[in-house]
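So you can see what is in the structure, the chains are spelled out below.
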Amino acid sequence: MKTSKKIMALALTGALAASSVSVVSVSAEPKKATIGVCFYQDTGKAPNATKAFLESLADTLNVEFKYGTFTQTDEAANLTKVQELIASGVDGIIGTMDLGTQSILSECEAAGIYYAGYLCDFDTSYTTAYDDVFGNSNFLGTVVDGHAPDDVNIGDQFFDSLIEYNERNADAPLTHVSMAVFPVWAFPAQTTAAEQFVADVEEYNKTAETPITVDPLDEEVDVLNFAPLDSTYFSKHPDTQAIMSFAAGTSFVYPTMVSAGVDSDIKLFTTGADGGEETNFGSAGTQTYQQIAFTGAESIVYPLVLMLNKINDTEFADMPEKAERISTELYIVNSDEDMELYVNSLYNTADAANAAYTPEDVLNMTAFGNPDATYAGLVEAVQTLTY
Amino acid sequence: MKAVKKVLLSLAFPVLMFVVMLVITMNSDKCFVNGHNIFLGKDMVKQVVINSCMTVCVALAIWLQLKNGRFDFSGGASMVLAAIGAGYAGQQTGSMWTAFAVAVALGVVLSMGTAIVYIVGRLPIIICTIGMTLLYESLTYLLFGGQGIRGFYSTPTLSRMGRMPLVLLPAVLAMLIFVVYTYFTASGRRGKILANNQSAGVNIGINENKNVFTSYIFSGLIIGMAAIVYISQNDVTPQSGLATSSIMFSYIVPVFMGTFIGLASNDVIGIAIAAIGMQIMNYGLNCLNLGAGGWQQIIMGVFVLGFYTFSSQSGKIAAFFEKRKAAHA
């Protein structure tokens, strides 16, 4: 992480905190609300941190949270889960999966409740049913896990991390790397990011003293069909010194590296953070991990605040006409200093005391809690969650 | 001479598999990197052995109960729960041997739990073991904050039993435990009678309860071996909805193959040989970029189906050749 970026992030956080403290003025007691939150898995870093954060907000926002799990493949199962939550009396549902969204919205419309997204780009709905979903008054928008597919920047961030590593290790820079992605039909942004990374390296090589070779993305070898990296990957990339895994490397790449016994020789730059990476990160342990990346669990304030505004019959003055999908800036952990911050973060500890926002901060983001609060302020609060 | 024939027949399957995969990979550009066939690389032996060890442990645990006439669904849940306990103990103490001891102890305790419920509850084995699977799976969400165990396999000092050469230890121990139970205990020898006809076995004086207890103690020991290899190679997350049965039965193919291959020697050697053969096939498919997804499933399914068909019809095939031989004579 570059020092200038860190200073900027600190300044933004400081400014936000200062403004939060100065303008807290609750205009009315929030209505009692019940909100269902359906994650993509029932346990893990992101669900655990999000639950801890939400529970810390419950009293101040007068909200009871109910939790469920959506599947990634079964539209009917997701619809059933929504029907169960509606039957249990929720006022709104926050979901992490764009599967069966139109059916889900029909149920929500019939029940008079709201639906919003979290850690999901809703790209299928965005590209094939924009008016039906984003134009639906019961759909409040979504906050993406990173940048939206039409605004990809993670390839640039991987390149930055690689260059920063090489600057720190000028005596033994990484000069040959390979990649791993999930299939394009499921995660099109990852293939775009890989292309972005390759373009950045090609541009860099034009003037570099020590050029970097990137093995071209091989559809049969480098695309993980939601199964762990193949054990023959290393034979097929015999010269690779680092894997740029745009797919979730901790679950899908690292285990194969360990079982193949290459975890001490090959570095791993990846998205995601599933836990346990710190032992072998940066200069620690086998030094395998050189980058992990994650979206702050606090970004759930985007759908939550929009939903609470609706439930409390209030609205931001600058509220857009149609629902939006909002990109987030990832927390890029690519140095020992970043790892220290990560280890003590809400995401890693699931301790709300480590959250970027207090319950009062979040109340202050709502239109009913703070008459001066704005939609632009809410978006900024989400997009400044980065190191 | 007879012994040599037995050895040759037992080794025929992996050798044939190796030759077939070698021929296929030699004719595929995908398998050549820098002019070398990666199927013949040094990684092949290592990966085949490492993966075979895990397969052998689980397959023997399945087969030990199957051999006694019980199709046990709870073995996977016992293995995962034992792995979580072992992982936690290992991470707390920093000792691989503590993790190993806990894995074995928990494997036995959890298997005994299943045995007690089966005997006391007088339930059909499928109902009993599915119920125990659901119970044990639910415990994976309660133990240690429901987080499972992460990072055990990536700590080199703890996970040596998932890597060469120590991965051989649990596999060899599992084979020894199986041999001791099957060939050196009265319970093991009587198991075949119970498997063939439980009522007849009980009527001629076999104490089934004793057989259940003894067999579950031994299968628990083997599950402990599987658990230590599993935690040494994977993050273990909480499981639900009989997912652990799926983990367990993903290793079932070598069981059925092994019993056929084992006709030339015995079932434990047959299972080990079948596991090695299947892993050679898997490695070859990986080299061909067919190691995952639809084609891998199709190839594997067709092969297994063909093998089972051949093995079930082997008597008729032999008779056919005998007949032809007699006709020519």
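If you check an unreviewed UniProt entry, chain B appears there as Autoinducer 2 import system permease protein LsrD from Blautia segnis. Per UniProt, chain B carries the Subcellular location (unreviewed entry) text "Cell membrane".

Naming follows an unreviewed UniProt entry, where chain A appears as ABC transporter substrate-binding protein of Blautia segnis.

**Q** What is the right way to look at the overall build of chain A in this model?
**A** Summing up its helical and strand segments, chain A has 16 helices and 12 strands in all. A compact globule built from 387 residues would reach a C-alpha radius of gyration of about 21 Å, and chain A, at 21 Å, matches this within 12%. The C-alpha extent of chain A, read off along each of the three principal axes, is 60 × 45 × 35 Å. Expressed as a percentage of its 387 residues, the buried residues of chain A come to 56%.

**Q** What is the right way to look at the sheet that holds strand β4 (residues 114–118) of chain A in this model?
**A** Adjacent strands of a sheet pair through backbone hydrogen bonds, lying either parallel or antiparallel. All names here are of chain A. Overall, parallel pairing links the six strands, which are arranged β2-β1-β3-β4-β5-β11 in an open sheet. Here the strands that pair on one side only, and so sit at the sheet edges, are β2 (63–69) and β11 (325–326). Running over the sheet, helix α2 (residues 45–61) touches β1 (33–39), β2 and β4 and is turned about 160 degrees from β2.

**Q** Looking at this structure, how should I read the sheet that holds strand β10 (residues 289–294) of chain A?
**A** The strand order across the open sheet built from six strands is β7-β6-β8-β9-β10-β12 (chain A), with neighbouring strands paired in mixed fashion. The open sheet is flanked by β7 (213–214) and β12 (331–333) of chain A, the only strands paired with a single partner.

**Q** For this particular structure, what's the right way to read the environment of B:Met21?
**A** Residue and element names in this part refer to chain B. Examined against the element boundaries, Met 21 turns out to sit in helix α1 (residues 2–26). Looking at Met 21, the relative accessible area reads 4%, which means it is buried. In the structure, Met 21 is positioned 209 residues away from Tyr 230 in sequence and 27 Å away in space, judged by C-alpha atoms. Ignoring anything within four residues of it in the chain, the contact list for Met 21 reads Phe 39, Ile 280, Met 281, Gly 284, Leu 285 and Leu 288.

**Q** Is there a simple way to explain the packing of helix α4 (residues 96–121) of chain B against helix α9 (residues 208–231) of chain B in this structure?
**A** When two helices pack together, their arrangement is captured by the angle between the axes and the distance separating the axes. Residue and element names in this part refer to chain B. Running from amino to carboxyl end, α4 crosses α9 at an angle of 150 degrees, the nearest separation of the two axes being 7 Å. One finds that α4 runs roughly antiparallel with respect to α9. Like other packed secondary-structure pairs, α4 and α9 cross with a definite hand, here right-handed. Split by residue class, the contact of α4 with α9 holds 19 nonpolar, seven polar and one charged.

**Q** Before we go on, may I ask you to explain the packing of aromatic side chains in this structure?
**A** Two aromatic rings are characterised by how far apart their centres lie and by the angle between their planes. Residue and element names in this part refer to chain A. Under the definition given, this model contains 41 aromatic pairs over all chains. Within the aromatic cluster, the residues linked to one another by ring pairs are Tyr 115, Phe 122, Tyr 126, Tyr 130, Phe 134 and Phe 139. Of note, Lys 51 hangs over the ring of Tyr 67, and the distance from its end group to the ring centre comes to 5.5 Å.

**Q** Hey, could you run me through the domain arrangement of chain B in this one?
**A** One widely used convention gives an interface's size as the accessible area the parts lose upon coming together. Residues and elements named next belong to chain B. The domains assigned to chain B are domain 1 (1–41 + 269–329) and domain 2 (48–251). Relative to domain 2, the C-alpha centre of domain 1 lies at a distance of 29 Å. Taken together, the seven residues of domain 1 in the interface contact nine residues of domain 2. Both sides of the domain 1 and domain 2 interface together cover about 660 Å² of buried area, and 83% of this is carbon and sulfur.

**Q** Is there a simple way to explain the nonpolar core in this structure?
**A** Among soluble globular proteins, nonpolar side chains are generally buried collectively. A:Ile35 and A:Ile243 are the most contacted members of the largest nonpolar core, which totals 76 residues. The element best represented in this core is helix α12 (residues 301–311) of chain A, accounting for eight residues. Both domains that furnish three or more residues to this core are identified here as domain 1 (2–146 + 295–331 + 352–383) and domain 2 (152–294) of chain A. With residues near it in sequence (within four places) discarded, A:Ile243 still touches A:Ser178, A:Met179, A:Ala180, A:Leu229, A:Tyr233, A:Phe234, A:Val253, A:Met257, A:Ile266, A:Lys267, A:Leu268 and A:Phe269. If you look at the next biggest cluster of nonpolar residues, it comprises 69 residues, including B:Ala61, B:Ala82, B:Cys128 and B:Ile223.

Definitions and limits used
- Residues numbered from 1 in each chain as written.
- Chains lettered and ligands numbered in written order.
- Predicted model: local features only at pLDDT ≥ 70, side-chain atom pairs only at ≥ 80, totals over all residues.
- Heavy atoms only, no water.
- UniProt positions renumbered as here; feature names shortened; annotations may be inferred.
- Helix = DSSP H or I, 4+ residues; strand = E, 2+ residues; numbered from the N terminus.
- Rg over C-alpha atoms; globule rule 2.2 N^0.38 Å.
- Buried < 20%, exposed > 50% of the residue type's maximum accessible area, 1.4 Å probe, protein only.
- Pairing = 2+ DSSP bridges.
- Contact = heavy atoms within 4.5 Å.
- Axes fitted to C-alpha atoms, helices over the stretch in contact; angles between N-to-C directions.
- Parallel < 35°, antiparallel > 145°, perpendicular 65-115°, else oblique.
- Left-handed = near helix turned anticlockwise from the far one by under 90°.
- Nonpolar A, V, L, I, M, F, W, Y, C, P; charged D, E, K, R; others polar.
- Phe/Tyr/Trp six-rings, centres within 6.5 Å; stacked < 30°, edge-to-face > 60°.
- Lys NZ or Arg CZ within 6 Å of the ring centre and 35° of its normal.
- Domains from an automatic or database assignment.
- Buried area = accessible area lost by both parts, 1.4 Å probe.
- Core = buried A, V, L, I, M, F, W, Y, C linked by side-chain atoms within 4.5 Å.

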